[in-house]
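Secondary and tertiary structure notes
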Amino acid sequence: MKKHLEELDILGYTLIENIITPEEVKKIITKLEDTWKIQEQEVSGKFDIREIAENNIVRAPFAYDDIFYKALNNPKIIPFIKEVLGDYFILSQQNGVMVEPNLTHSQNKWHRDFPNIHYVSDSPLAINAFFCLTDFTLETGATQLLPHSHKIKYIPSDEYFNKHGISIEAKAGSVFLFNTMLFHRTGINTSQEKRIGLNHLYTKYILKQQIDIPALLNFKIPKDPFLNMLMGFDSLVPTSTLDYRLIRKANNDKKIK
């Protein structure tokens, strides 16, 4: 673990191989493609999803199939998140990314996963865990990262990106962790196959989620205490003074027990 944590701290990223089996990879891909069809149908007749650069991005797939809970709570990855963010953190987002051959993707531009935020902190505020569900190669459009860029407060020049950006090649089943403030982008897929990944963003609980996960789940509180915290049920914003005090009372009762 020490090697990966050092790379994550200094370089801003690290690659960990053999996190999920080929059988698990196959099942996740199938469910991800099924979920994409459902989400595409949800906006059908309302607008073209490409108008908002959402083509081939599967949002919050855990809300559609329980198999994605296993990924966001992977026992080989969560210990790394705890080492970096501490014991109390939440899931900000889980997104499937499917990069079609020779098509421009919404993630092709250099970006941070906190849009329009460009500041750094001594202690990381968020960590990404990106699962490679197909082989990531130069031909399939492997994710590109800009090493050390989690330490700078500004957007580098195109010249700097072109000179120092690197591609992360990895086998299916691997996971690369990176500081969310690290600049990255999806490569261009020049192969004949889809390049598929599953991205997770874990944050300190003080940062808001991409989608209100408790509301998305109709406030069905998970029985598992860790999942209860991870999905944001323990860090809901009170809607009234009474609500605030009821939450404090509930938390106080937990301490007493």
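Scroll up to find the structure.
Residue numbers here run from 1 along each chain, matching the order of that chain's written sequence. Where local features are concerned, this predicted model is filtered to residues with pLDDT of at least 70; where side-chain atom pairs are given and counted, the filter is 80 or more; whole-chain, interface and lining totals use all residues. As a convention, hydrogens and water are excluded, and side-chain values are obtained from all of the structure's heavy atoms.

**Some points on the sheet that holds strand 3 (residues 90-99)**
- One requirement defines pairing of two strands: DSSP has to find at least two bridges between them. Labels follow the DSSP assignment, with helices taken as runs of H or I lasting at least four residues and strands as runs of E lasting at least two, numbered in each case from the N terminus. Ordered by their spatial adjacency, 6 strands build an open sheet running 1-7-4-9-3-2, and the pairing between neighbours is antiparallel. Every other strand in the sheet has two partners, leaving strand 1 (13-16) and strand 2 (57-59) as the edge strands with one partner each. Taken pair by pair, the neighbouring strands of this sheet meet at an average axis angle of 20°, ignoring direction.
- Contacts between helix 1 (residues 2-10) and the sheet are confined to strand 1, strand 4 (126-132) and strand 7 (175-179), with strand 1 contributing the most and set at about 150° to the helix.
- This element, helix 2 (residues 22-43), spans strand 2, strand 3 and strand 9 (195-203) of the sheet and lies at about 85° to strand 2. Angles run from 0 to 180 degrees between N-to-C directions of axes, and those axes are lines fitted to C-alpha atoms, restricted for helices to the stretch in contact. Contacts: residue pairs with any heavy atoms within 4.5 Å of one another.

**Points about helix 2**
- Its 22 residues give helix 2 an end-to-end C-alpha distance of 32 Å, which sits within 8% of 32 Å, the value for a rise of 1.5 Å per residue.
- Relative accessible area decides the class of each residue, using a 1.4 Å probe on protein chains only: under 20% of the type maximum gives buried, over 50% gives exposed, and in between gives partly exposed. Those residues of helix 2 that fall on the buried side of the exposure criterion are Val25, Ile28, Ile29, Leu32, Thr35, Trp36, Gln39 and Val43. The arc that holds every buried residue of helix 2, seen down its axis, measures 135°, which confines them to one face. Across from the buried face of helix 2, at angles greater than 90 degrees, the exposed residues are Glu23, Lys26, Lys27, Lys37 and Gln41.
- Considering only its buried residues, helix 2 is in contact with strand 2, helix 3 (67-72), strand 3 and strand 9. How far a helix is expected to stretch is found by multiplying one less than its residue total by 1.5 Å. Note that the arc is computed from the directions linking the helix axis to the C-beta atoms.

**A word on the side chain of Asn95**
- Along the chain, the position of Asn95 falls in strand 3.
- Judged by its relative accessible area of 4%, Asn95 falls in the buried class.
- In protein, a polar contact means a hydrogen-donor-capable atom and an acceptor-capable atom, both N or O and within 3.5 Å, with residues adjacent in sequence counting only if both atoms are side-chain atoms; elsewhere, any N or O pair within 3.5 Å suffices. Among the polar contacts listed, one links the side chain of Asn95 to the side chain of Gln93, at a separation of 2.8 Å.
- In contact with Asn95, other than residues within four places in its own chain, are Ile57, Val58, Arg59, Ala60, Pro61, Gly197, Leu198, Asn199 and Gln210.

**Concerning the nonpolar core**
- Here, nonpolar core means buried Ala, Val, Leu, Ile, Met, Phe, Trp, Tyr and Cys residues that are tied together by side-chain atoms lying within 4.5 Å of each other. Counting 45 residues, the largest nonpolar core has Phe62, Leu133, Tyr202 and Met231 as the members making the most contacts within it.
- Top element by residues in this core is helix 2. It accounts for 6 residues.
- Non-local contacts of Phe62, meaning those with residues more than four positions away in its chain, are made with Phe68, Tyr69, Leu72, Leu91, Gln94, Ile213, Leu216, Leu217 and Met231.
- Listed in part, the 13 residues of the second largest apolar core include Tyr13, Val97, Val99 and Phe178.

**Structural notes on the pattern of salt bridges**
- Each reported salt bridge corresponds to a side-chain nitrogen of Lys or Arg within 4 Å of a carboxyl oxygen of Asp or Glu. Scanning all chains against the criterion turns up 4 salt bridges.
- A salt bridge links Lys194 to Glu33; the nearest nitrogen and oxygen atoms lie 3.5 Å apart. Of this pair, Lys194 sits in the loop between strand 8 (184-185) and strand 9 while Glu33 is found in helix 2, placing the two residues 161 residues apart along the sequence.
- Glu33 gets classed as partly exposed once you look at its relative accessible area, which sits at 27%.
- Among the ionic pairs, Glu100 bridges to Lys194, the shortest N-O distance being 3.8 Å. Pair noted here: Glu100 is in the loop between strand 3 and strand 4 and Lys194 is in the loop between strand 8 and strand 9, with a separation of 94 residues, a long-range link.
- By relative accessible area, Glu100 is classed as partly exposed at 21%.

Purely geometric stuff here, so don't read any function into it on its own.
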